[in-house]
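Observations on chain architecture
The chain contents come next:
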Amino acid sequence: MSIYLDHASTTPLRREALEAMLPYLSEHWGNPSSIHHSGRRARQGLDEARESVAMLLGAKPREIVFTSGGTESDNLAISGVAWAASARGRHIVTTAIEHKAVLQECALLGRHGFDVTYVGVDGDGLVDPEAVAAAINERTVLVSVMAANNEVGTVQPVAEIGSICRARRVAFHVDAVQAAPFLPIDVNAWQADVVSISGHKLYGPKGIGALFVRQGTAMVPLLQGGAQERQRRAGTENVAAAVGLATAFALAADEAMLTAESSRLSGLRDALLAGLTVIPGVHRTGHATQRLPNSASVVIDGIEGGDLVAALDLEGIEASTGSACTTGSVEPSHVLLAMGIDAERARGSLRLTLGRENTEADVVATIDAVERGVARLRAAAPAREPAEAPAAMSAAPSV
Ligand SMILES: Cc1ncc(COP(=O)(O)O)c(C=O)c1O
């Protein structure tokens, strides 16, 4: 039996989403841009999916652009908005702990004449809205801050940051890819102009995402070609995947509203963190309370996170060291470094992200397996001394 604890990396496709998709992979295979019957039938599915996603975000259907996933949504948000506003100014504000889909796109713009300010975070991975306000200048055209971090689960004060951006008349992008399965998203309460979500993080299919683009927000497309998605994203739409995303998102939003399910998950998370941090040399990363209900992350002295993940896998427990995208890279996580955790300690990171199918028994088995795994790895590498208490637990450093 395996215990899957890597839901921040991806989630299984839920049955309801699969069933909603199947007709669009079989009988309703038309091109939604065609005006004949087959095309109109596919268009109907796409329109309904768009309406549903819009409703869940507090948006209008015309404000939703379907993309190939969270990465494309982030890339399009950053470059699309920045280039469209580039005559007014070429300065972007983001944070040091964003997903690489945001950071790399900002770096690309940096090579094309934009200035990028990376706001730091405190030891819990929290962004200070005042630091964002201080970073905005008269040339700033875009601020991008994630709603919740994918490695440590810290939830950011996006509504506060949104109101600062609105007052300064700067477009505000929120990467809500990790937050969408758990937090109610209201683009108006957040005062966000652009918001990214991804299907496979919320029990929908892979390769589909959505981008909310507030009406009136200028954006140049990344993909050129046909006039699909109101000329904001060329290419024949993936109708079945859009239907799957909309179905899964609606069910996730329903579950997030159910306090019983949310508190079940946070109860499991807290039990997991409590059990892990009694193991000597294991320290929580991320905020104690302002964190996603499913996210438990730690750093463990004297071990390599990758070795522990491999050891857990042998016991049927699937976890990760940080974000899936950085797994396999020798670089320590940029998120943990930005939180002031030193590079040596950051190598011992473990991320456990719970999901709908996890139980209390999974938590107990996992704590036990981590304890055994850590003891074995430490015994095999006695030369590595446990480091001192993590800086992130005490100080509030930033990048
Ligand atoms: C916060 C965040 N943004 C963006 C992405 C990219 O999403 P996708 O895998 O759909 O491209 C991820 C995926 O890990 C993420 O966690």
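The residue count restarts for each chain, going from 1 along the sequence in the order it is written. Under the rules for a predicted model, residues below a pLDDT of 70 receive no local features and side-chain atom pairs below 80 are neither given nor counted, while totals for whole chains, interfaces and linings still include all residues. Remark: hydrogens and water are excluded; side-chain values derive from all non-hydrogen atoms of the structure.

**Structural notes on the overall build of the chain**
Note the cut-off: Helix and strand labels come from DSSP, where a helix needs a run of H or I of at least four residues and a strand needs a run of E of at least two; each type is numbered from the N terminus. Here the globule rule reads 2.2 Å times residues to the power 0.38, and the radius of gyration is calculated from C-alpha atoms. Here, two residues are considered to be in contact whenever any of their heavy atoms come within 4.5 Å of each other. Computed with the Shrake-Rupley method and a 1.4 Å probe, the accessible areas treat only the protein chains shown as cover for residues. Here the positive residues are Lys and Arg and the negative ones are Asp and Glu; neither His nor the chain ends is included. Charged groups are reduced to one reference atom each: NZ for lysine, CZ for arginine, CG for aspartic acid, CD for glutamic acid.
Regarding its fold elements, the chain presents 14 helices and 12 strands. At 21 Å, the chain has a C-alpha radius of gyration in line with the 21 Å of a compact globule built from 399 residues. Counting only C-alpha atoms, the chain reaches 70 × 50 × 35 Å along its principal axes. Expressed as a percentage of contacts within the chain between residues at least 6 apart in sequence, the contacts between residues at least 24 apart total 74%. Counting only carbon and sulfur atoms, one obtains 56% of the accessible surface of the chain, whose full area is about 16100 Å². Considering the chain, the positive charge centre built from 34 side chains and the negative charge centre built from 45 side chains are found 7 Å apart.

**Regarding the pattern of salt bridges**
Spelled out, the test is: By convention in these notes, a salt bridge is any Lys or Arg side-chain nitrogen within 4 Å of a carboxyl oxygen on Asp or Glu. Summary of the burial criterion: residues with accessible area below 20% of their type's maximum are buried, those above 50% are exposed, and those between are partly exposed, where the area comes from a 1.4 Å probe applied to protein chains only.
All told, the structure shown has 15 salt bridges when counted by the stated rule. Between arginine 14 and glutamate 16 there is a salt bridge whose closest N-O contact spans 3.3 Å. Glutamate 16 sits in the partly exposed class, given a relative accessible area of 28%. If you follow the salt bridges from partner to partner, you end up with Glu315, Asp368, Arg372 and Arg376 in one network.

**Notes on the site of the ligand**
The test is simple: By convention in these notes, a residue is near a molecule or strand provided one of its non-hydrogen atoms lies within 4 Å of it. Any pair of nitrogen or oxygen atoms within 3.5 Å is treated as a polar contact; in protein, a donor-acceptor pairing is required on top of that, and neighbouring residues in sequence qualify only through side-chain atoms on both sides. In this count, Pro and Cys sit with the nonpolar residues alongside Ala, Val, Leu, Ile, Met, Phe, Trp and Tyr, while Asp, Glu, Lys and Arg are called charged and the others, Gly among them, polar.
The environment of the ligand is made up of 13 residues, and the closest members are Thr71, Asp175, Gln178, Ser198 and Lys201. Take glutamine 178: an N or O atom from its side chain is 2.8 Å from an oxygen atom of the ligand. One of the side-chain N or O atoms of histidine 200 is found 2.9 Å from an oxygen atom in the ligand. Taking 390 Å² as the accessible area of the ligand by itself, protein coverage stands at 88%. In terms of residue class, the shell around the ligand is made up of two nonpolar, eight polar and three charged.

**Some thoughts on the domain arrangement of the chain**
Applicable threshold: Per the annotation, domain bounds derive from an automatic or database assignment of domains. Here the quantity called buried area is the total loss of accessible area, with a 1.4 Å probe, experienced by two parts when brought into contact, counted for both.
For the chain, the assigned domains are domain 1 (3–9 + 259–394) and domain 2 (15–255). Its C-alpha centre places domain 1 at a distance of 28 Å from the equivalent point of domain 2. Of the residues lining the interface, 32 residues belong to domain 1; the matching set on domain 2 comes to 28 residues. Roughly 2500 Å² is buried in total at the junction of domain 1 and domain 2, and carbon and sulfur atoms are behind 55% of that figure. When the buried surface of domain 1 facing domain 2 is broken down by residue, Leu292, His334 and Arg356 rank first, second and third, together holding 24% of it. Two residues, aspartate 124 and arginine 284, come together in a salt bridge whose shortest N-O distance is 3.8 Å. At the boundary of domain 1 and domain 2, one finds 12 residue pairs in polar contact (both at pLDDT 80 or more). Listing elements by their share of the side of domain 1 that touches domain 2, those giving two or more residues are α9 (259–277), β10 (295–300) and α11 (334–338).

**Describing the nonpolar core**
Going by this rule: We define the nonpolar core as a collection of buried residues of types Ala, Val, Leu, Ile, Met, Phe, Trp, Tyr and Cys that are connected through side-chain atoms lying within 4.5 Å of one another.
Counting 95 residues, the largest nonpolar core has Phe66, Val143 and Leu350 as the members making the most contacts within it. Ranked by residues supplied to this core, first place goes to helix α8 (residues 239–257) with 10 residues. Counting contributing residues per domain, this core is built from domain 1 (3–9 + 259–394) and domain 2 (15–255), each supplying no fewer than three. If we skip the residues at most four places from it in the chain, phenylalanine 66 touches Leu46, Ala49, Arg50, Val53, Ile208, Gly209, Ala210, Glu229, Arg233, Ala242 and Leu245. Within the second largest apolar cluster, 19 residues are counted, among which are Val81, Ala85, Leu109 and Val213.

**Quick look at helix α4 (residues 100–110)**
Here α4 has its buried residues at Ala101, Val102, Leu103, Glu105, Cys106 and Leu109. Residues of α4 that are buried sit in contact with α3 (70–84), β3 (91–95), β4 (115–119), β5 (140–144), β6 (171–175) and α11.

**A short note on the sheet that holds β5**
What counts here: The pairing criterion is simple: DSSP has to find at least two bridges between the two strands. The axes are straight lines fitted to the C-alpha atoms, using for helices just the contacting stretch, and the angles between their N-to-C directions are given from 0 to 180°.
Strand order in the open sheet formed by seven strands is β2-β8-β7-β6-β5-β3-β4, with mixed pairing between adjacent strands. Across the chains shown, the open sheet's two edge strands, defined by having one partner strand only, are β2 (64–67) and β4. The sheet shows a mean angle of 20° between the axes of neighbouring strands, direction not considered. Sheet topology places strand β7 (residues 194–198) next to strand β8 (residues 209–213); five bridges connect them, and they run antiparallel. Counted as the bridge partner of isoleucine 197 is alanine 210 from β8. In the packing of helix α2 (residues 37–57) onto the sheet, the strands contacted are β2, β7 and β8, and the crossing angle to β2 comes to about 115°. Sitting on the sheet, α3 is in contact with β2, β3, β5, β6, β7 and β8, with an inclination near 165° to β7.

**Some remarks on unusual backbone geometry**
Backbone geometry places glutamate 229, a non-glycine residue, at a positive phi of 50°. The phi dihedral of arginine 230 is positive, around 50°, even though this residue is not glycine.

**Focus: a nonpolar patch on the surface**
Short version of the rule: The patches described consist of residues with a relative accessible area above 30% and no salt bridge, like charges being joined within 9 Å and nonpolar side chains (Val, Leu, Ile, Met, Phe, Trp, Tyr) within 5 Å.
There is a patch of nonpolar side chains on the surface, built from Leu13, Leu18, Leu22 and Leu25 and spanning about 350 Å² of accessible area. Of the residues examined, leucine 22 reaches a relative accessible area of 42% and is grouped as partly exposed.

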